[in-house]
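Architecture and fold: a report
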Amino acid sequence: MRAITITQYGEPDVLRSAEVPLPEPGPGQVRVAVKAAGVNPIDWKLRSGAMAEARPLDFPHILGLELAGVVDAVGEGAGFAVGDEVFGWSDTGAYAEYALATNVIRKPAGLSWPEAAALPIAGETALRVLGELEVKPGETLVIHGASGQVGRIATQAAVALGATVIGLAGASSLDEVKALGAAPVQYGDGWVARVRAVAPSGVDAVFDAAGFGVLGDSVDLLGSPDRLVTIADPAAFAQGLRFSAVSTETAEVLEDLVARGLKLKLGSAYGLADVAEAHRESATGHAGGKITLTVG
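Below, the structure is looked at part by part. Residue indices begin from 1 for each chain and proceed along its sequence in written order. In view of the model being predicted, local features appear only for residues whose pLDDT reaches at least 70, and side-chain atom pairs are presented and counted only at 80 or more, with totals across whole chains, interfaces and linings using the full set of residues. The basis for every side-chain value is the complete set of heavy atoms in the structure, and neither hydrogens nor water enter the calculation.

Quick look at helix H9 (residues 275-284) now. Relative accessibility decides the category of a residue: with a 1.4 Å probe and only protein chains considered, values under 20% of the type maximum give buried, values over 50% give exposed, and everything between is partly exposed. Segments assigned H or I by DSSP are reported as helices when at least four residues long, segments assigned E as strands when at least two residues long, and all are numbered from the N terminus. Val275, Ala276, Ala278, His279, Glu281 and Ser282 are the residues of H9 that are buried. Against strand S1 (2-6), strand S3 (30-39), helix H1 (41-48), strand S15 (266-271) and strand S16 (290-294) lie the buried residues of H9. In the segment just after H9, glycine 285 is the residue with positive phi, at about 75°. Pairs of residues are marked as contacts when any of their non-hydrogen atoms sit within 4.5 Å.

Put into structure tokens, the structure is as follows:
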């Protein structure tokens, strides 16, 4: 099969098309003919070597954590049939024509291939952190990066839960944040005063999905670090604050996302051969939506 592999850490040009053996599913696994794959910041961080100490790679390596596609072969006890349309997490790298997967569910007809491939990581992260913050109906939650992919899903889920969400975003994204059901507030200098003006009685929790150096001011806003979680600012470690990074890759999480009807905003779609350009756009931090690869 054709796959995009890397044989060393480096710039996007280390991503190369190669012919590799077709993987065979083991117990509980399916082989998926990939239709779409998600592109995430962790992909280019792994590729560049920025995470080599925490998550070293064995080479050659196929990147890509999220996939959507059609079951092509079934391992013992997997619970799927050839021809089933599925989405979820890839076990062997989704930047390929075929990939093995364990944690997948059937794709709803209402989700396109790119929408399905884009959902697992952002969706799991958003729901995980809302759970860690123990957000309850009637509470006020501040979300930094509410217009980003994780922030969008967290905003939708918290609003549906009955929380008041104050969503921080750039000036050009404030209308989008408002459409998600949040009270939009522009980030940048003076953001604390703007939040206090919207929520004069105070806020109950803060979810930092942006990583723009807002942790200290967020603690001041809350009056305590107890209900502050970041997924984006490693300064949390030195400050003794919670950094959430351990994902829960289960079919149950995917079922929960589908049941809630949560969606994100799609950005650019690239062909598999153009994955280097996809990485370059992702690394700018200004994709404007979830980047995906069209494979099959």
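This next bit is on the pairing of S15. We treat two strands as partners when DSSP finds at least two bridges between them. For S15 and S16, the ladder comprises four bridges, and the chain directions are parallel. Bridge pairing in S16 links tyrosine 270 to leucine 293. Here is how to tell: hold the view so the strands point away, follow the path from the first strand over the helix to the second, and if it runs clockwise the crossover is right-handed. Each parallel crossover has a hand, and the one from S15 via H9 to S16 is right-handed.

This next bit is on the packing of aromatic side chains. Aromatic rings from Phe, Tyr and Trp, with only the six-membered ring used for Trp, were paired whenever their centres fell within 6.5 Å, and each pair was classed as stacked if the ring planes differed by under 30 degrees, edge-to-face if by over 60, and tilted otherwise. Under the counting rule described, the total for this entry stands at three aromatic pairs. Considering the side-chain rings of phenylalanine 237 and phenylalanine 243, the 5.0 Å spacing of their centres and the 25° angle between planes classify their relative orientation as stacked. Here, over-ring charges are defined by two tests on the NZ atom of lysine or the CZ atom of arginine: distance to the ring centre within 6 Å, and angle to the ring normal within 35 degrees. The side chain of arginine 31 reaches across the aromatic face of tyrosine 98, ending 5.9 Å from its centre. A cation over a ring is seen here: lysine 45 above tryptophan 44, with NZ or CZ 5.7 Å from the ring centre.

Here three strands make up an open sheet; going across it, the order is S2-S1-S4 and the pairing antiparallel. Because the sheet does not close on itself, it has two edges, and the strands there are strand S2 (16-19) and strand S4 (61-62). In this sheet, S2 lies alongside S1 in antiparallel orientation, the contact comprising four bridges. Residue isoleucine 4 lies in a different strand from S2, and its bridge partner there is serine 17.

Quick look at the packing of H1 against H9 now. Structural elements are reduced to axes, namely lines fitted to C-alpha atoms, with helices fitted over the stretch in contact, and the angle between N-to-C directions of any two is expressed from 0 to 180 degrees. With their axes 9 Å apart at the nearest point, H1 and H9 run at an angle of 110° to one another. Of the possible angle classes, the one that applies to H1 and H9 is roughly perpendicular. Contacts between H1 and H9 involve Pro41, Asp43, Trp44 and Arg47 from the first element and His279, Ser282 and Ala283 from the second. Residues were grouped as follows: Ala, Val, Leu, Ile, Met, Phe, Trp, Tyr, Cys and Pro as nonpolar; Asp, Glu, Lys and Arg as charged; and all remaining residues, including Gly, as polar. The residue makeup of the contact of H1 with H9, split by class, is three nonpolar, two polar and two charged. Roughly parallel means an angle under 35 degrees; roughly antiparallel, over 145; roughly perpendicular, 65 to 115; everything else is oblique.

Opposite charge on two side chains permits pairing when their charged atoms draw close. Salt bridges, as used here, are contacts in which a Lys or Arg side-chain nitrogen is within 4 Å of a carboxyl oxygen on Asp or Glu. Under the counting rule described, the total for this entry stands at twelve salt bridges. Across the pair arginine 2 and glutamate 97 runs a salt bridge whose closest N-O atoms are separated by 3.7 Å. Residue arginine 2 is located in strand S1, and its partner glutamate 97 is located in the loop between strand S6 (85-89) and strand S7 (98-101); the two are separated by 95 residues in the primary sequence. Three or more residues are tied together by salt bridges with common partners; here these are Glu24, Arg31 and Asp72.

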